[in-house]
Structures are given as structure tokens and as C-alpha cells.
Amino acid sequence: MLANFVQETANNPGTATTINLAGPATGRRGFVAVFGSGATVDYVIDDGTLYEYGIGVATAGSPNTLQRTTVVENSAGTTARLNFSGAVRVYGALSMTRVAHVMVEAPRVVAGVAQADFLLPGTFRAFKLRLINVTSDAPRNMHIRFSTDGGSSFVTGASYSYAGGIWNAATSTFGGDPGANLGLGKVSNNVSGGGAAALNAEIDIDPGTASRAANYRSSFVCVDATTLYNGGYGGWCTAGAATNALRVFTGSAGAPAGTFTGSLELMGLR
């Protein structure tokens, strides 16, 4: 949470999880006064040399406090709480890693694989998976599944629902594609077979929580032997917990099938 002109001072916070706020600087406003007690806020602690960007909780009290819940980045190049001494400024600001996706792992180039699994680290709040120049052994669809145990198993059964729309350039028609309880999520149609022009897609992923289903939104362009298709899908998975791994695979008739080749990039948003 952000607002203009939120800045306070603190003294000798060290590495403490909770720091005492000494009140707003002249002409500025305090965290609790602006956001209320218990609000989650984006903060920076800065002593003129060291800096720490993080996500914290502002709490009313005598004095008001700020809990340094999650360090996003700091001047030491880590995500640890820094050891500040003396007077520091504490103000509302957003690290660029909170507004821009960063690579979660090195890009992968795969050839003839049945599936590709990715961990979804809890240090990120959202993800984007890019599929670049992907072809399959035969014309197939591209699917995803989620895991809540780090990829040891993947949710199947009646936990998935999705809906999509596809533009067929050959016939200049738009068609809908609703699906429910098929045991997988759908990302695209018509991944080309035999090395023809390939699928390119982006999938935005919210890993969800115990009370909010994991969900995704894809946009894609692909070409089969003769026809250009483009469109997108949206779907969700009621996994009952935050998901922490993802599997992508090709399939046919709602079941895994075949292999695929191409490049995959997983990025995260803190």
C-alpha cells in the first residue's frame, strides 16, 4: 500500500523485526495516520548509505510501530533485514522488483519432452510463464496443472475450470471453449505438429491461498498446417492451499499426450 508524503523517522532500529516509529518528518504524514493500524505497507528504511525496501505492517501504539515482514531488496544485495544504527528515515516507496517481473530461473530450452515442471517460490506474489516457439509431435493443446507440495504430486480431478475464446483466421470466426472439471487447465489450442509454425503464449499466474483458488490467464498465437489461431484462456484450480509448483504439458481430449519442443521462461513479481 502506498500514499504520497508518508515519511517518519526511527532511531537505532538494528535488525529488529519490529521498529518504533518516532513520528512524521516536518511536512510529511505518518504510516498509521494514513493507512490505519494493521495495514500492510511498502516501506524503505534509509540512513543515507544503506537502504532496505520491504513490505511491512504498520500498527498503532505508544509509539506506533512498523513490522519488517518481508525484505524485497537491500543495498547489500540480499533479502535480509539490515543492521541500521543511528537516525534513519522510514518512508513509503515501491521497489521496481514489485512492479516489474524478474527471472525466477534461467530460460529453458526443451526438446521432445512430455512435460516441464516449475517451482513457484513463495517470495513472489505472482508469475508469468512464457512459451516461445513451441511445437509438438502432433497437433495438440497446451495444458497446465498445479501442485501444493513442491511438485511431488499435481492436483487432478474435479478441481479445474476454464473458459477461452479462439479466433480462426481462415474462417474469420470466433468460437468459445468452456471447460470444467477436466482435471487440468487449458492454455491454448492447436499447438502445431511436425515442426510447423509454432505456439507463442504468455500465462499470468496467481498461486492462490488456502481461501483463494490458484488462477491463470493466457494469451496465445499459434498456427497449424494451414490456419492461424489466436485467443486466450482463463481458469482456476481449487487446490485448498497455496500452490508452489506448476506443470505444463501437451494433451489431447482432456488428457496428457505427446511431447513438445521450444523455449520456456518463468518470471516472478514480488
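Preceding block: the structure.
Structure report, in brief. These figures come from a predicted structure and were not determined experimentally.

Section: the side chain of Asn74
Then step 1. Note that Asn74 resides in strand S5 (residues 65-74).
Then step 2. There is a polar contact of 2.9 Å between the side chain of Asn74 and the side chain of Thr78.
Then step 3. Looking at Asn74, its side chain comes within polar contact range of the main-chain oxygen of Ala80, at 2.8 Å.
Then step 4. Not counting residues within four places of it along the chain, the set of residues in contact with Asn74 comprises Tyr51, Glu52, Thr79, Ala80 and Leu82.

Focus: the packing of aromatic side chains
Then step 1. Following the criterion strictly, the structure yields five aromatic pairs and no others.
Then step 2. For the ring pair Phe31 and Phe35, a centre distance of 6.3 Å and an interplane angle of 40 degrees mean the geometry is tilted. Taken together, the positions of Phe31 and Phe35, both in helix H1 (residues 31-35) and four residues apart, correspond to about one turn of that helix. Comparing Phe31 with Phe35 shows no difference in burial state: the two are buried.
Then step 3. When the centroid spacing of 6.2 Å and the interplanar angle of 25 degrees are considered together, the rings of Phe220 and Tyr233 count as stacked. Residue Phe220 is located in strand S16 (residues 214-223), and its partner Tyr233 is located in strand S17 (residues 228-237); the two are separated by 13 residues in the primary sequence.

Quick notes on the layout of surface pockets
Then step 1. Its volume calculated, the largest pocket comes out at about 320 Å³.
Then step 2. What lines the largest pocket is a set of 19 residues, and nearest its centre among them are Thr70, Gly122, Thr123, Phe124 and Arg125.
Then step 3. With three residues, the single largest contributor to the lining of the largest pocket is S5.
Then step 4. Classifying every residue of the lining of the largest pocket gives nine nonpolar, seven polar and three charged.

Each value, and the rule that gives it
- Residues numbered from 1 in each chain as written.
- Predicted model: local features only at pLDDT ≥ 70, side-chain atom pairs only at ≥ 80, totals over all residues.
- Heavy atoms only, no water.
- Helix = DSSP H or I, 4+ residues; strand = E, 2+ residues; numbered from the N terminus.
- Polar contact = N/O pair within 3.5 Å; in protein donor to acceptor, adjacent residues only side chain to side chain.
- Contact = heavy atoms within 4.5 Å.
- Phe/Tyr/Trp six-rings, centres within 6.5 Å; stacked < 30°, edge-to-face > 60°.
- Buried < 20%, exposed > 50% of the residue type's maximum accessible area, 1.4 Å probe, protein only.
- 1 Å grid on protein atoms, 1.4 Å probe; cavity = no way out; pocket = protein on both sides within 12 Å on 5 of 7 lines; lining within 4 Å.
- Points joined across faces, edges and corners; volume = space filled by probe spheres on them.
- Nonpolar A, V, L, I, M, F, W, Y, C, P; charged D, E, K, R; others polar.

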